[in-house]
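This is what each chain is made of:
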Amino acid sequence: MNRKLKSRQVVFVGGGLMAALAARQLVKDGVDVLVLERGRDHDAGPEHRLPSQRDELRWGVRNQLAQDWSIETYTLRHARTETALPVRTLEAFLPGDGVGGAGNHWNGQCFRWAEYDPQLRTRLVDRYGAAKLPREMPIQDWGVTYHELEPYHETFEKLFGVAGKAGNLRGQIQEGGNPFEAPRREEYPQPPIEITEAGVIVTEGARKLGYKPFPMAASNSPHVYVNPDGMRLGACQYCGHCERFICESNAKGSPEVLLYPVLKRSKNFEIRPYSHVLRLDYDRAAKRVTGVRYLDLETGDEIEQPADVVVLSAFTFTNTKLLLLGRIGEPYDAATRRGVVGRNFCHQTNSSINVFYKDRWINPFMASGSSQTIVDEFNGDNFDHSGLGFVGGAYIFNNTTNGRPISTRPLPPGTPQWGTKWKQASADWYTHAFSLGTIGSCYPHVENYLSLDPTYRDAYGVPLLRITFDWRDNETKMSEYVTKKAVELATATGATIVGPAVPRKAPYDARVYQTTHVVGGTPMGADPHTSVVSPHLQHWDVENLFVVGGSVYGHNAGYNPTGLMAAIGLRLGDDLSRYAKRPQRL
Ligand SMILES: Cc1cc2nc3c(=O)[nH]c(=O)nc-3n(C[C@H](O)[C@H](O)[C@H](O)COP(=O)(O)OP(=O)(O)OC[C@H]3O[C@@H](n4cnc5c(N)ncnc54)[C@H](O)[C@@H]3O)c2cc1C
């Protein structure tokens, strides 16, 4: 049955982190807000509550907090000359599902990006000349500056009780923090979380090499913390059940703990779970979206929800897909390099090396999602790329987020995969090993993009999103370079065994988790020929349509994306509030 509902002022598609952050200001300003979320709300009462989270098999291996891929998956190919096929088992990334989105089962690693990142093209051209950027790499400025976003970073860090050590306070470099950090006005709201033994080892090795290691900024709260909205975080238990889990101690900054409970108290806010948005209603002649169509997953009804303003906040894939389905904006065409929707799709270029220490006790089971010590000397443009055949870089860190027994078990090279020797090696090394990782940038390439699949459809009959992606030269060269630096660091720490270094190499392997930091598809920018939304996230062609989240990034940096995304999301809240009062181009 089809039904048409009463019109609402602002309708968000997707009830994750971005929707909650942007809605915060709107709701305060009395604007009527409706959020449509395809998944459940496990905070809606006792009957919705989730069973124990410290169940690695259910949540960590079977990924039951992530999108259900039997309903909606994506297709993948490495080149546009290939036929894409559906990816049937989710691994490479784990988009969220349910109120709070992936913001519930994230790790909490919370970065501001480098000051130059929103003007990356200008920065690289100024430093190395235009010839350094091949025509195949459409790196672009985003039309916004770090300084415009700085106050929003500060608000987010206070809301989420972020714990860290400032590296740059108003231009003064601070001992113990990241010397490459963009200038901040204030210290972090909380001091850093505990450094693990692996962090101590990395610090020792890094200092020998002359680097300046520092603790990762964490949304995992070291102490009980009350935020400016009066919401409370518990103290981290260092149980290692952060990424892929909801924190049982309420110690991880998450929308379902800190944001939605406040929003739900307001009469002018409503969140409607089990509402899977199928498409946007678009009046092409008037160049306005008039609302959205969604499937009520409890009744099976297709519902028409009219709206004055629509905000896409449904993560990179759905944001891009809904624009492509609605034929809103020109789809990107890799053959002609024209069009915008789907362009600049980027993943993140990571690598790792297992390191083993006979006489040091790592105790990996005592960790939080951000118990890491970082070396930032080889990230982004923090170092001179003259003479190097690539741009970009990575941070190097001890990847010690947990010691969960099924999946966190580094073993020395040559250990069999099963049997007595495998058991013995597990017992010998479980508490004496960790993985040294690199989280690296991924810059856009003209052949990496998102489009609609011509063949495959989801369980509701909607075309799947097709990913055309592979590691290109720039990223593989960068990964080789930074992985060598990580090996040097591993050696400097005096490791008993340094496992094989595995830099990223083509072909892209969808069977391996690589972070859920997939960005691009609807980039922001000052030029409508190369961006989908304006620097205020307003669609260039459709004034009452906004897009927020990683899809608006023009490139991916060697930093986790959510800190910056949150600043952009909070700023959108202010912009939408202005727009609600006076609808016009911002
Ligand atoms: C395992 C994991 C670990 C992570 N760790 C980190 C980290 O340590 N640091 C970091 O910076 N980032 C991390 N991230 C990324 C971070 O979670 C995301 O950047 C952030 O949640 C994005 O916010 P969002 O609102 O755009 O998307 P989400 O929070 O995922 O919300 C999107 C919402 O849209 C809904 N939706 C999608 N399609 C539809 C539809 N058709 N109809 C209705 N609703 C829809 C989804 O169900 C979801 O609830 C991690 C992510 C994962 C999965």
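Quick note: structure is the one above.
Here the structure is a predicted model, which means the values were calculated and not measured. Residue indices follow the written sequence of each chain, beginning from 1 at its first position. Where totals are concerned, whole chains, interfaces and linings use all residues; where local detail is concerned, this predicted model gives features only for residues with pLDDT of at least 70, and gives and counts side-chain atom pairs only at 80 or more. Working from all heavy atoms in the structure, the side-chain values ignore hydrogens and water.

A. Highlighting the overall build of the protein chain. Within the protein chain, the secondary structure is distributed over 11 helices and 24 strands. Here the radius of gyration uses the C-alpha set of atoms, whereas the globule reference equals 2.2 Å times the residue count to the power 0.38. Against the compact-globule benchmark of 25 Å for 586 residues, the protein chain has a radius of gyration of 23 Å, which places it among compact chains. Each principal axis of the C-alpha distribution contributes one length, and for the protein chain these read about 70 × 60 × 50 Å. Across the 586 residues that make up the protein chain, the buried fraction comes to 62%. Contact definition: two residues touch when any of their heavy atoms are within 4.5 Å. A separation of at least 24 residues holds for 75% of the contacts in the protein chain among residues at least 6 apart in sequence. We get accessible surface area from the Shrake-Rupley algorithm with a probe of 1.4 Å; when it comes to residues, only the shown protein chains can shield them. For the protein chain, the computed accessible surface area is about 22200 Å², with 51% contributed by carbon and sulfur atoms. Positive: Lys, Arg. Negative: Asp, Glu. His and the chain ends are not part of the count. In plain terms, the charge of a residue is placed at NZ if it is Lys, CZ if Arg, CG if Asp and CD if Glu. If you average the places of the 66 positive and of the 64 negative side-chain charges in the protein chain, the two averages end up 1 Å apart. The way it works is that DSSP assigns letters per residue, a run of H or I at least four long becomes a helix, a run of E at least two long becomes a strand, and they are numbered from the N terminus. Three exposure classes are used, based on accessible area relative to the maximum for each residue type with a 1.4 Å probe and protein chains only: buried under 20%, partly exposed in between, and exposed over 50%.

B. Region of interest: unusual backbone geometry. Along the chain, Ala-506 connects to Pro-507 via a cis peptide bond; the corresponding omega equals 0°. Within the secondary structure layout, Pro-507 lies in the loop between β22 (497-498) and β23 (519-521). Phi is positive for Arg-170, close to 50°, though the residue is something other than glycine. Tracing the backbone shows Arg-170 in the loop between β6 (168-169) and β7 (172-173).

C. Geometry of the environment of Gly-205. Mapping Gly-205 onto the fold places it in helix α5 (residues 197-208). On the basis of relative accessible area, Gly-205 is assigned to the buried category, the value being 0%. Sequence separation between Gly-205 and Thr-491 is 286 residues, and the spatial gap between their C-alpha atoms is 8.0 Å. Apart from residues lying up to four places away in sequence, Gly-205 is in contact with Leu-489, Ala-492 and Thr-493.

D. Molecular detail of the environment of Ala-114. Looking at the secondary structure, you find Ala-114 in the loop between β5 (85-86) and α3 (120-128). According to the relative accessible area criterion, Ala-114 is buried, its value standing at 3%. In this structure the C-alpha to C-alpha distance between Ala-114 and Arg-265, which are 151 residues apart in sequence, comes to 37 Å. Not counting chain neighbours up to four residues away, the residues in contact with Ala-114 comprise Ala-182 and Tyr-559.

E. Molecular detail of the site of the ligand. Not every one of the 36 residues close to the ligand is listed here, only the nearest: Met-18, Glu-37, Arg-38, Gln-109 and Thr-562. Taking Ala-102, its main chain carries an N or O atom lying 3.0 Å from an oxygen atom of the ligand. In the analysis that follows, any N or O atom pair within 3.5 Å is treated as a polar contact, provided that within protein one partner can donate a hydrogen and the other can accept it, and provided that, for residues neighboring in sequence, both atoms belong to side chains. Thr-318 is positioned such that a nitrogen or oxygen atom in its side chain is 2.8 Å from a nitrogen atom of the ligand. Starting from 1000 Å² of accessible surface for the ligand in isolation, the protein chains cover 99%. Nearness is defined per residue: one heavy atom within 4 Å of the molecule or strand is enough.

F. A look at the packing of helix α4 (residues 146-159) against helix α11 (residues 562-581). Axis separation between α4 and α11 bottoms out at 8 Å; the angle between their running directions is 105°. Relative to α11, the element α4 is oriented roughly perpendicular. Contacts from Glu-148, Leu-149, Tyr-152, His-153, Thr-155, Phe-156 and Leu-159 in α4 reach Gly-563, Leu-564, Ala-566, Ala-567, Ile-568, Leu-570, Arg-571 and Asp-574 in α11. Note on definitions: angles span 0 to 180 degrees between N-to-C directions of axes, and those axes are lines fitted to C-alpha atoms, for helices only across the stretch in contact. Reported orientations rely on four angle classes, namely roughly parallel under 35 degrees, roughly antiparallel over 145, roughly perpendicular from 65 to 115, and oblique for the rest.

G. Geometry of the nonpolar core. As used in this record, nonpolar core signifies buried Ala, Val, Leu, Ile, Met, Phe, Trp, Tyr and Cys residues forming a set joined through side-chain atoms within 4.5 Å. Counting 121 residues, the largest nonpolar core has Phe-12 and Leu-280 as the members making the most contacts within it. Every residue in contact with Phe-12, bar those within four places of it in the chain, is listed here: Ala-19, Ala-22, Ala-23, Leu-26, Val-33, Leu-34, Val-35, Leu-36, Val-311, Ser-313 and Leu-576.

H. Representation of the pattern of salt bridges. Any Lys or Arg side-chain nitrogen located within 4 Å of an Asp or Glu carboxyl oxygen qualifies as a salt bridge. A full pass over the atoms with the stated rule returns 33 salt bridges. The salt bridge involving Lys-321 is made with Glu-72; its shortest N-O contact spans 2.8 Å. Here the residue Lys-321 occupies a position in helix α8 (residues 315-325), and Glu-72 occupies one in the loop between α2 (56-61) and β4 (74-77), the gap between them amounting to 249 residues. Across the salt bridge formed by Glu-154 and Lys-158, the nearest N and O atoms sit 3.5 Å from each other. Pair noted here: Glu-154 and Lys-158 are both in helix α4, with a separation of four residues, about one helical turn. Classification of Glu-154 as buried rests on a relative accessible area of 11%. Taken together, the shared-partner salt bridges in this structure form one network comprising Arg-112, Glu-150, Glu-154, Glu-157, Lys-158, Glu-181, Arg-184, Arg-185 and Glu-186.

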